Structure formats: structure tokens, C-alpha cells
Amino acid sequence: MIKLNSYLEAPSLLILGLKMSQQHLEKSSRISGFYKLPLEERLKIVAAWANLTEEEIKLLSNFGNLDRKLAESMIENVIGAMSYPFAVAVNFRINAKDYLVPMVIEEPSVVAAASNAARMLREANNGDGIRADASKQIMIGQVHLMKVPSPRTAVFEILRRKEEILDLANSTNETLVKLGGGAKDLEVRLIETRRGPCIAVNLLVDVIDAMGANTVDTMAEAVAPYLEKITGGEARLRIVSNYAIYRLARAWVRIDPEHIGGKEIAEKIADASAIAEADVFRAVTHNKGIMNGIIAVALATAQDHRAIEAGAHAYASRNGVYKPLSIWDIDSQGYLVGVLELPLQVGTVGGAVKTHPIAQIALKILGVKTAKELAEVMAAVGLAQNFAALRALVTTGIQAGHMKLHARNLAIAAGAQGELIDIIAEEMIKEGKISYGKAVELLKKYQKEIAK
Ligand code: MEV
């Protein structure tokens, strides 16, 4: 633990840029060599900067289940760690297989809603549960060439040398090629930018079980000089595209309305979907609900969730207008049908998935080894989460569920156990008084009655 009594005791005052000027301290965020300092020193500097209390410093320095050295090797300038709750959604049946789904999220009700939806959707698709399917794990690596003297002919020149370019890309990753992956194809587009014409080369790489950004970045960098040579242009960007349109995951359900509360609810869910298709303001929130589930699994398994979000929302706009990623409707036999499609760039090997011990445990709980299966589970969770939100919205509204959960949590915090939890929660909701104090009062009342 780091003890710091006053600014003047901080040994790194000079580095910190806390300059004594006349009577007062002037703060500067320009801190040269901050990254080179030992963690304790960095923490002292920040503690002095923000006037952190001993208690706050102690909390920040608690690395929980993440080894401190590991944390420092993961990112730069580390001064502590932050824990999020790790939960498990139950009841999931996907492609006729049962799953416990690890979820990391700060928002109440999401896990409960996912579990609840998964329970109802177990009956879908003739008892196979949610169906899901992911395509091959194709990532795109891009090279953008500018200042090409003859862009039209250069495009054809690149296409003529396709095999050489793919071989060059594959020479960077023999292991992947041996496993059956690697650069498989390329696409070339001539695009007009406000700074002149640009040739966009997309390398299509089967990354198998990796998320694949590193793999395709290396390949893009490897082929760029060759592309410059054969086109006479200059490579500006050599990087992955997170618009992973060849790495799609799909999930779908076809369910008898009787299993989800009846025909009327099914019809209203279809209405809610139609509204999202027609109103972009609603579409964004509709998709946010889907991402509640997907990102919670992504966090538990240490995926690059920013990449998933970026790709998903771009995909939602693929036809020029932002649309919901899922559609709900009633089919000709009166079944409720829900379909979801989005790009999912996830991995089960490499990166933080490999290094973070909790991510490894999450994958073990999930019982998933391949990126394809992980993507399928995530799509299924996204669809279930979306179903839960729509069902709640068209019935009791979203707040009722929140309140119920909140009331239950307060009852538990007050010490209620077993049946008393729901009895106390329901009484608080009925009275419209949902507080810790009320929960304690009711618990005492019921305990007295039981003791009689
Ligand atoms: C809240 O986190 C998510 C919802 O707003 C999603 C939706 O409205 O569909 C409930």
C-alpha cells in the first residue's frame, strides 16, 4: 500500500510537473517518462494530482483476480485495476446444446433478462433452442494507396499479381497457413477521396480461431511495399478493417407464441420490431439492447468489444440507413420468428483471451473452443437479450422488472432469505416504498410473525 501524507512527500514532484510558484501549486499533465516509472511512483503522482485519500489509493491498488505484473504487461501507465461483476446467465439452449453463459456488465437486469428469455426460448425450433450459425472467420486487412500515377491500370495490375500478393501475405504466418487459414483472396477498389484517387486493397484472411487484427495488420504491412512497387503509388494505411462483413454470425428462433405468453404478446413484439425498422431513433436503442448481451459476453471472454461495436453499427447502416440488426415477425403458421445477423470478430486464442485468466475460465464455463462457436453463442445471446427487452417493453414496461430486481436486492441486503425475499420485495413494490430501511422494517415484522 502506498502511504502519502502530503504533496511535498511525493518524491516525484519534478517529474510530475507540480511546480511551486510563489504561494500556490500549478498542475501540469505534461509528465515526461511517466510510463517508465514503477507503478508505485505513477500511483503517487496521480494520488497527489487528484488528492486521493489513503482509502482510495488502497482500493485502486487492489488488483483483485488480475495479477499485477500481468496487468502491467497488458497496457501502459497502469496504476491499479477495476473489477466488474462476473455473472452467469442460465437456461441457454443453442443448437440443441445447453450453455451457461458468462457475462460481465455493470447494468442491473441484463443477466436476469437474458436468463429469463433463454428459459422461454428453450422451446424454440422444436426444442433445439436458439439456432445460430457463423460463417468462416474471415478478417479483412487493408492497404490504401495514394498518388498512384495510373490508378485504373494499377487496379488490374494488382489483380494480375493476386497469387504473388497472397503468397507474400501468407509468408508472415506459416502456422496459420498450416492450420488451413491465411490470406485466401483479395479485392481491389478504386475510390475517390477529397485528396484524390485511392486504391483500396482488401486482403481476405481466414484467421480461424484468432480475433485476427494482429495477423492481418502484419500481412497488410508485409504486402504494402510490393503494392507500392507494382502501382508506383504510396501506401498510406496498412491496417485491419473492423467492418468484418465476411465474418457474419446469425441467430434465429421460431417459437409457438404459447411459450412466450401468447399470441397478443407475439404480435406486439412484431410491432416493436416494425417500429425499429421505421424509426432510426428506436433502431439505435433496439440494437443497444442486442449489444447488452453481446458485449457482456465479449467482456467476460476479454474480446475487443470496440471492434465488435464498430463493426455491428456499420453493418446496421450497410444500406445507407441505420436499421435494427434483428427482425421479429409472425410467420404464416402463427409462430413468432426472430432473426439476427451481424459481423462478430471474436477469438478464442491469442491476445487478452489467452493472457487474462478470467477469460480462460469464462471460455471453460462456456465450454467453447472455437471462434465460430463463440460467435454463434454471442449472436444467440444478443437475440435472447433483444427478445427480453422487446417482451418487457410491450408488456409491463422495462421499469417494472428493474424495480422488482432492485426490491429483491434490497431484501437480500437486509438479510431476507428464501421465500421472504420475494414476499418483502412484492410488499415494497405494492406500497411504492422501495428502500433498504423499508426492507429491514418488513424483515423484522415477518421474523417476529414467524417466531410467534
Ligand atoms: C437497456 O439497457 C436496453 C433497452 O433499452 C433495449 C430496448 O429498448 O430494446 C431496454
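Further up the page is the structure itself.
Keep in mind the model is a prediction, meaning the values are calculated, not measured. (Residues numbered from 1 in each chain as written. Predicted model: local features only at pLDDT ≥ 70, side-chain atom pairs only at ≥ 80, totals over all residues. Heavy atoms only, no water.)

A.B. asks: Looking at this structure, I do not really get the environment of Met403. What am I missing?
C.D. replies: Within the secondary structure, Met403 is located in helix α17 (residues 398-414). Classification of Met403 as partly exposed rests on a relative accessible area of 34%. Along the backbone, Met403 and Ile429 are 26 residues apart, and their C-alpha atoms lie at a distance of 7.5 Å. In contact with Met403, other than residues within four places in its own chain, are Ile429 and Ile434. (Helix = DSSP H or I, 4+ residues; strand = E, 2+ residues; numbered from the N terminus. Buried < 20%, exposed > 50% of the residue type's maximum accessible area, 1.4 Å probe, protein only. Contact = heavy atoms within 4.5 Å.)

A.B. asks: Looking at this model, I keep getting lost on the site of the ligand. Mind explaining?
C.D. replies: Every residue close to the ligand is listed here: Glu107, Arg282, Thr285, His286, Lys288, Gly289, Asn292, Ala389, Leu393 and Ile398. Within the side chain of Glu107, a nitrogen or oxygen atom sits 2.6 Å from an oxygen atom of the ligand. Taking Arg282, its side chain carries an N or O atom lying 2.7 Å from an oxygen atom of the ligand. Taking 300 Å² as the accessible area of the ligand by itself, protein coverage stands at 83%. Elements with a contribution of two residues or more to the shell around the ligand: α12 (280-300) and α16 (371-394). Sorting elements by how many residues they give to the shell around the ligand places α12 first, with six residues. Its residues placed into classes, the shell around the ligand shows three nonpolar, four polar and three charged. (Near = heavy atom within 4 Å. Polar contact = N/O pair within 3.5 Å; in protein donor to acceptor, adjacent residues only side chain to side chain. Areas by Shrake-Rupley, 256 points an atom, 1.4 Å probe, with all protein chains shown as cover. Nonpolar A, V, L, I, M, F, W, Y, C, P; charged D, E, K, R; others polar.)

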